[in-house]
Every structure is written in structure tokens, then in C-alpha cells.
Amino acid sequence: MVMAPERDRVLQYVGGKWVGAADGSTYLVHNPSTGEPLAEVAAGDAADAAIAVGAARDAFDEGSWRNMSQEKRSLAMIAVAEHLAEVCDDWAFLESANGGATIRKTAVVDVPMAIEHFRSLAEQAMKISWYEPLPWVDIPAVSWNFVQREPIGICAGIIPWNYPLMMAVWKIAPAIAMGNSVVLKPSPFTPLTAARLVAAIDETGLIPKGVINLVTGPGPGLGEALVTDTRVDKVAFTGSTATGRKVLAGAAETIKKVTLELGGKSASIVCPDADLELAVDGVLFGTFFHQGQMCEAGTRVYVHAEIYEHFVEMLVAKARGLKVGNATDPESQLGPIINETQHRNIKEAVRRAVADGGRVLCGGGEPSDVPEGGHYLEPTVIANLPDDASAACDEIFGPVVSVFAWKELGDVISRANRSIYGLAGGVWSKDTRGAIEIARQLRTGTVWINDWHLINALAPFGGYRQSGLGRELGSYGLLEYTEVKHIHVDQNTGRQDRFAYDILLGS
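Cut-offs and rules
- Residues numbered from 1 in each chain as written.
- Predicted model: local features only at pLDDT ≥ 70, side-chain atom pairs only at ≥ 80, totals over all residues.
- Heavy atoms only, no water.
- Phe/Tyr/Trp six-rings, centres within 6.5 Å; stacked < 30°, edge-to-face > 60°.
- Helix = DSSP H or I, 4+ residues; strand = E, 2+ residues; numbered from the N terminus.
- Buried < 20%, exposed > 50% of the residue type's maximum accessible area, 1.4 Å probe, protein only.
- Axes fitted to C-alpha atoms, helices over the stretch in contact; angles between N-to-C directions.
- Parallel < 35°, antiparallel > 145°, perpendicular 65-115°, else oblique.
- Left-handed = near helix turned anticlockwise from the far one by under 90°.
- Contact = heavy atoms within 4.5 Å.
- Nonpolar A, V, L, I, M, F, W, Y, C, P; charged D, E, K, R; others polar.
- Core = buried A, V, L, I, M, F, W, Y, C linked by side-chain atoms within 4.5 Å.
- Pairing = 2+ DSSP bridges.
- Patch = residues over 30% accessible without salt bridge, like charges linked within 9 Å, V, L, I, M, F, W, Y side chains within 5 Å.
- Areas by Shrake-Rupley, 256 points an atom, 1.4 Å probe, with all protein chains shown as cover.
- Salt bridge = Lys/Arg side-chain N within 4 Å of Asp/Glu carboxyl O.
- Polar contact = N/O pair within 3.5 Å; in protein donor to acceptor, adjacent residues only side chain to side chain.
- Disulfide = S-S within 2.5 Å.

**Here's the deal with the packing of aromatic side chains**
Taken as a whole, this structure holds eight aromatic pairs when the rule is applied. Relative to F397, the ring of W161 has its centre 5.5 Å away and its plane inclined at 85 degrees; by these criteria the two rings are edge-to-face. Placement of the pair is W161 in the loop between β8 (154-158) and α5 (164-177) and F397 in the loop between α12 (390-393) and β17 (400-406), with a sequence separation of 236 residues. This pair shows no difference in class: W161 is buried, exactly as F397 is. Where Y302 meets F404, the ring centres are 5.0 Å apart and the plane angle is 20 degrees; that geometry is what we call stacked. One end of the pair, Y302, is in strand β14 (residues 300-304); the other, F404, is in strand β17, with 102 residues separating them in the sequence. Classification of Y302 by relative accessible area gives buried; the value is 2%. Here F404 falls in the buried class, since its relative accessible area comes to 4%.

**Topic: the packing of helix α3 (residues 91-99) against helix α4 (residues 103-125)**
Remark: α3 packs on α4, axes separated minimally by 8 Å, with the N-to-C direction vectors making an angle of 120 degrees. Classified by the angle their axes make, α3 and α4 are oblique. Between α3 and α4 the crossing geometry is right-handed. Along the contact surface, α3 presents W91, A92, F93, E95 and S96, while α4 presents I103, T106, A107, D110 and V111. Along the lines of polarity and charge, the residues of the contact of α3 with α4 split into six nonpolar, two polar and two charged.

**Regarding the nonpolar core**
Membership of the largest hydrophobic core comes to 104 residues, with the highest contact counts inside it found for F118, I176, F311 and V381. Among the elements that make up this core, the one with the highest residue count is α5 (eleven residues). Beyond its immediate chain neighbours, meaning those up to four positions away, F118 contacts M77, V80, A81, L84, V169, I172, A173, I176 and I201. Counting 26 residues, the second largest nonpolar core, distinct from the first, contains C271, I337, F404 and I438.

**Here we look at the sheet that holds strand β6 (residues 131-133)**
The strand order β6-β7-β21 describes an open sheet built from three strands, whose pairing is antiparallel. Taken across any chain shown, the strands that pair with only one partner, and hence form the sheet edges, are β6 and β21 (482-490). Between one strand axis and the next, the sheet turns by 20 degrees as a mean value, whatever way the strands run. With three bridges connecting them, β6 and strand β7 (residues 143-151) associate as antiparallel partners. Its bridge partner lying in β7, Y131 is registered against Q148.

**Description of a nonpolar patch on the surface**
Where nonpolar side chains cluster on the molecular surface, the patch consists of Y131, W136 and W144 and spans about 370 Å² of accessible area. Within the fold, W144 resides in strand β7. Given a relative accessible area of 38%, W144 falls into the partly exposed group.

**A short note on the environment of H453**
Locating H453 in the fold gives a position in the loop between β19 (446-449) and β20 (468-469). As for H453 and D61, which are separated by 392 residues in sequence, their C-alpha atoms are 39 Å apart. Once residues within four sequence positions are removed from consideration, H453 is found in contact with F285, G286, F289, M294, E296, A297 and W448. From its side chain, H453 meets the backbone oxygen of F285 in a polar contact 3.3 Å long. A polar side-chain atom of H453 sits 2.9 Å from a polar atom in the side chain of E296.

**Describing the packing of helix α2 (residues 70-87) against helix α6 (residues 192-204)**
The geometry of α2 relative to α6 is characterised by a closest axis approach of 9 Å and an angle of 120 degrees between their N-to-C directions. Taken together, α2 and α6 sit at an angle that is classed as oblique. In this structure, α2 meets α6 at a crossing whose hand is right-handed. Together, V80, H83, L84 and V87 of α2 and L197, A200, I201, E203 and T204 of α6 make up the contact between the two elements. Here the contact of α2 with α6 is composed, by residue class, of six nonpolar, two polar and one charged.

**Quick notes on the side chain of R415**
With respect to the helices, strands and loops of the structure, R415 is situated in helix α13 (residues 409-417). Owing to a relative accessible area of 11%, R415 belongs among the buried residues under this scheme. Polar contacts involving the side chain of R415 include one to the side chain of D387, which spans 2.7 Å. Beyond its immediate sequence surroundings of up to four residues, R415 is in contact with R300, Y302, D387, F404, A405 and W406.

**Observations regarding the state of the cysteines**
All told, the structure shown has zero disulfides when counted by the stated rule. We note that C295 lacks a disulfide partner, and the nearest cysteine sulfur, in C393, lies 19 Å from it. Exposure remark for C295: the relative accessible area of 12% places this residue in the buried category.

**A short note on the pairing of strand β4 (residues 26-30)**
Along β4, the buried face is formed by Y27 and V29; none of T26, L28 and H30, which line the opposite face, is buried. Taken together, the five bridges between β4 and strand β5 (residues 37-42) define a ladder with antiparallel strand orientation. Within β5, the residue paired with V29 across the bridge is A39. Once β4 ends, the chain turns through six residues before running back antiparallel as β5, passing G35 with a positive phi of about 80 degrees.

**Let's talk about the pattern of salt bridges**
For the structure shown, the criterion picks out 20 salt bridges. Measuring nitrogen to oxygen at the nearest pair gives 2.8 Å for the salt bridge that ties D233 to R57. Placement of the pair is D233 in the loop between α7 (221-228) and β11 (234-238) and R57 in helix α1 (residues 46-62), with a sequence separation of 176 residues. By relative accessible area, which is 17% here, R57 ends up buried. The residue R418 makes a salt bridge to D387 at a minimum N-O spacing of 3.8 Å.

The structure is reproduced here in C-alpha cells:
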């Protein structure tokens, strides 16, 4: 049995073997709560990407997984999920130490949900129809037609640092459930739980060698090589819109199938009849969960003028009471920002907001009584921003929320939709029917009513406009990993019935 990599040394997993980088180089990953090094990781580059793609291609072409019945594939994956649930005891701590998500989140949400999504996607795959008969046609000739779905081939999954384990599952599970091979590239900042996941899958021996591959590395060359490799059939990327544009451009060279789950600037509409206690807590949850380092975070909050002052007063009071600290401390409600660069960018966004006329109602600075070496920010609430201010339009990806007042429903819907993004949105109201009508008018891939962040494995997740292409999760996400083939079977008996041939050949 191949042993899982030790926590202090992470290798790549290629063709069923744990290997170092082709040139032997490594790099360090750090704990964002303390700045201390956590692990030495293989520093792969384009050469490593090429080797991993070759291993994935060999496994796909060999066909044992691709040609397996859907039922057997899904049952194998369900058995893998059972094993993951047995060996995941320290994954929450590792996810918190490496990614900065609080242990109270990783233990309750990240780890159990990731395993459940792996299981659910395997189960849902059994319901996908690989064969679909088409209606009978007799013009220009009688024929029997049907659609056949097939695995798409080699899939490159490129994931961000904010949900390392969950995103690894979102890229691996649907790809292999539909018979493909996959090469996963985690963020260079957070490769540890992705490696732990792959190691645990490998321990089961249920997935053929080469079907799942893992490459790690700190530079852009690794991802670029996966995107441009002619042997890769599909790229699934989750990350910033800016990087998503580069992925799409790189994939265009070989016309690859691409799914992108990108940035957001999601709007939350608080109606005058909203349950204020629920809405205030929901906005806090929607904005400051994982320090706001979530693409669908509800960072634009539109509150009806009748309740605006009271709502903001409650919001600020509760935001000030949130405890910021070491992610592995169960008392911490917010952990650190992932790295110094992101920390600096968020502080600059707050500075620009003030320059644009915004008023910082709370936060905006660095908290006291936090570990040295980490990068921490106070939860920040900003008011008085113009709708066109950068902090009201650009994704900040940190614990910063802007609040706005509204009076007319048509106007606030227009303001909410006035964005290059369209990932998520929310409505807070006791009038469910009215809230649904508002939700229908929001140009986003997901709308929550009286809630936020609730993502389940059965529902499609993705965005409109520059928030992405395609969908993940549910049957919609699974079908993104298939090709569609039309097969035509002529029902005529001989040459004399092929009238269409005579257009060219004559009679």
C-alpha cells in the first residue's frame, strides 16, 4: 500500500505513485494564523504537469474505469466516501491550520460536507441517462436516432485557497463519477488537505491508478501547462475573475471545454418587513463567514430606508463583538487573512472606500490580542458609499461589507443587478411570495431567501456574466463532464431508397 505523505512533506500523486517534482525542488507553505511553516511541498512546474497529464491519458485510454458500468463506478465511490469518513479525524485541524478557516467552521462544515458531496455526486451519477432516444423521423428518410453520452476525457481541476478540501471534491468527484481521469492542481498556499484526500482515496485501492492525479507548485507555469496541454479535454477552474479570463484565453487555443466559477459582489436586499434579528445575523453570516474570503459573500447590503438606521445599529454592534483569532482556537469566530498580499489589498480597499466618501462604522483596522506573525483584520462595516465606488463594485474578498439604503423596489433590483458579477444574491422578507418574485428578477446563479451560503450537492452552483461559465454540483454539474454524441441509424433497406444520394449522383 502506498503510504500517505507526512504532514511536513507533501509529494505529488501521479500515475498511482507519490513523487517529488521533476527537478527535485520544493517550497514551504505556512500557517496564516502564525506565519510559521507547516510543510515542505513538491514544487512542480510545466514538466510535472505534462507527466501527470500523460498518466491521466494512459489511464483513460486503458479504459477500465471509463468502461466500467455507472453503477459499479458509483458504488466504488460510495465505498471511498465511507473510508473518507473513517480517516478524517484530523482534517478539520489541518484545514484550519493551512487555510485559516476557523476550526468551528472546518469541523462542522468543510470536512463533513466535502465527504457528503463526494458521496452525493456518486449517487446522483447513477441517475444520469447515458442513452436518450429521439423522436422518430421520416424526412428526408426514415431513421432511428438517439443521443449517447460519453466521458469527456482528461479533466484538469484548478482550485483556490479558500476551500481547499471542498474544492478538491468538487473537481475530483464529478469528473471520475462520469468516467473521466483528472489532474488536480490545488492552490500553492493550501495543498495539504487536497493531498490528504487523494492519499485516503488511494488507500482504498478502488480507483484505478492514474485516474486521479495531484500536482503541486507555487508558480503560474503549472496551471498554464494544464490549461494549454493538447491532451487535456476540459478545464474546471475556481478562482478570481481576472485569472478566469486567462484560463479561458489559454483554453481557447485548443478549444477545450471550460467551466469557470469566479468572483462575485453579491447583493443582499433587506425588505421593510424582514425579521430584523434573522436578517442582521444572516448578513453577518453572509459577509464575515470565513473572513469574507468566499466568492458568493453578500458584501453589498441594501436595507429599506424605513429600517435602515435600526438595522445598521444592530449590525455594527454585533460585528464589533465578533472574536478574531487563531483559526485553530475554538473560540475564534474569524480567523486570519490567507497571506500578506491579500491582507494589504483589503486594507487598501478600505482606504479607497473612505477616499470615495464611505464612512467606516466599525473595523477597518487590525485587531489586538491576536497571534504574532498572522494577518488579521477586524470585521468592517462601511456606509455612505456611492454605488459606483470601487468598494461597492469590486470584489474585496475580505471581512468588509457596504450597506446602502433603498426606497423603491424596482430601483433596488436595478442597483443589485448593476454589476459585472452575478454569482449570488439574497432577499430578507417575511413575504415568501414577494421574496420569490424579487429573486426571479435578480441576475444571479443562486438566490437565497432568508438565508445565505446554503449550498447543497443537488443544486447547481455557478454564476451569470463575469462570475463564470457552466455549473457545478447536481446533475447540471455532472453533465458538464460528458460529451454528447448523436447516432443516426437509417431504416431504409437499399440503395433505391436513398433519394438524397441522387442529389449528388443523379438517378
